[in-house]
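Spelled out, the chains give:
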Amino acid sequence: MRAYYFDNVPGDQRLPHDYVPSRPVAPETLAALNVRFWTIPVEGYEPQLDEIARTRGYKNRDMINVSKEGMGEIYEEKIRTFFQEHMHEDEEIRYILSGSGFFDVRETPTDAWIRLAVAPGDLLVVPAGIYHRFTLDEADNIRALRLFQDEPKWVPYNRGEATDANPHRMEYLKSIGVGA
Ligand SMILES: [Fe+2]
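Residues numbered from 1 in each chain as written. Predicted model: local features only at pLDDT ≥ 70, side-chain atom pairs only at ≥ 80, totals over all residues.

(A) How the structure looks around the overall build of the chain. Tallying secondary structure elements over the chain gives six helices and 11 strands in all. Computed over C-alpha atoms, the radius of gyration of the chain comes to 16 Å, within 12% of the 16 Å expected from 2.2 N^0.38 for 180 residues, which places it in the range of a compact globule. Summarising its shape, the C-alpha atoms of the chain cover approximately 45 × 40 × 35 Å along the three principal directions. Out of the 180 residues belonging to the chain, those deemed buried represent 23%. (Helix = DSSP H or I, 4+ residues; strand = E, 2+ residues; numbered from the N terminus. Rg over C-alpha atoms; globule rule 2.2 N^0.38 Å. Buried ≥ 20, exposed ≤ 12 C-beta atoms within 10 Å, placed from the backbone.)

Have a look at this one:
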């Protein structure tokens, strides 16, 4: 998984949006934001994924498949929705089986976007309460496993005053040492 600062240049969200030269983000920076990731080769991934799932308590999983081909007309609308800045009250855990895409996470307190370019074999944990968004890239397809504990609370709460005051948002800020 490659991590770098998003260039904020207006235009297609599916483009890399990498500064020239690129501004890479160190793993320690991601760790400080409570973003976790592992790389597990897709071929024979199950034992390693099962082990991480067991230690982190992810009892369930399902598969999602997002592609221009498979979704037809609603595709454009759907990927615009994914790209709205939001947070959840649970972790968002994805293991990429094929295809690729970008998760953008907000760095706090700078409020900069960090772009995470995910590819097959990447396992990513987006913590509860972090502002983030997702887009496919120009290849327009991704197939991933979603892992979760019980009933996942994946309702997207768009960024705003009310969401800023969400207890899970406050809890997140506390966990990274920002805010009260
Ligand atoms: Fe999300």
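(B) Here's a closer look at the UniProt feature "binding site: Fe(2+)" (unreviewed entry) in the chain. According to UniProt, the positions carrying the feature "binding site: Fe(2+)" (unreviewed entry) are H86, H88, E92 and H132. In terms of the greatest pairwise C-alpha distance, the residues named above, spread along 47 residues, form a tight cluster of at most 11.7 Å across. Inspection of the secondary structure assignment puts H88 in the loop between β4 (86–87) and β5 (92–99). Ignoring anything within four residues of it in the chain, the contact list for H88 reads A128, K153, W154, V155 and P156. As for its placement among the helices and strands, H132 is situated in strand β9 (residues 132–136). Those residues in contact with H132 that lie beyond four places of it in its chain are M87, F103, D104, V105, R106 and V126. (UniProt positions renumbered as here; feature names shortened; annotations may be inferred. Contact = placed C-beta atoms within 7 Å.)

(C) A look at the pairing of strand β10 (residues 141–148). Inspection of the sheet shows strand β3 (residues 60–67) paired to β10 by eight bridges, in the antiparallel sense. If you follow V66 over to β10, its bridge partner there is I142. The sheet contact formed by β5 and β10 spans six bridges and is antiparallel. Paired with I93 across the strands is L147, a residue of β10. (Pairing = 2+ DSSP bridges.)

(D) Up close: the pairing of strand β7 (residues 113–118). Judged from the four bridges that link them, strand β1 (residues 2–5) and β7 form a sheet pairing that is antiparallel. Bridged to Y4 within β7 is R115. Two elements, strand β6 (residues 101–106) and β7, share six bridges in a ladder whose sense is antiparallel. Its bridge partner lying in β7, V105 is registered against I114.

(E) Fine view of the sheet that holds β10. What the five strands build is an open sheet, ordered β2-β8-β5-β10-β3; its pairing is antiparallel. Unpaired on one side and paired on the other, β2 (36–39) and β3 mark the two borders of the sheet. Between one strand axis and the next, the sheet turns through 20° on average, direction left out of account. (Axes fitted to C-alpha atoms, helices over the stretch in contact; angles between N-to-C directions.)

(F) Representation of unusual backbone geometry within the structure. Here the bond from V20 into P21 is cis, since omega is -5°, no more than 30 degrees from zero. Of note, P21 is situated in the loop between β1 and α1 (27–32). With an omega of 5°, the peptide bond between T108 and P109 qualifies as cis. In this fold, P109 is placed in the loop between β6 and β7. Phi at N8 is positive, roughly 60°, even though this residue is not glycine. Checked against the element boundaries, N8 lands in the loop between β1 and α1. Residue N8 is classed as exposed on the basis of its C-beta count, with 9 C-beta atoms lying within 10 Å.

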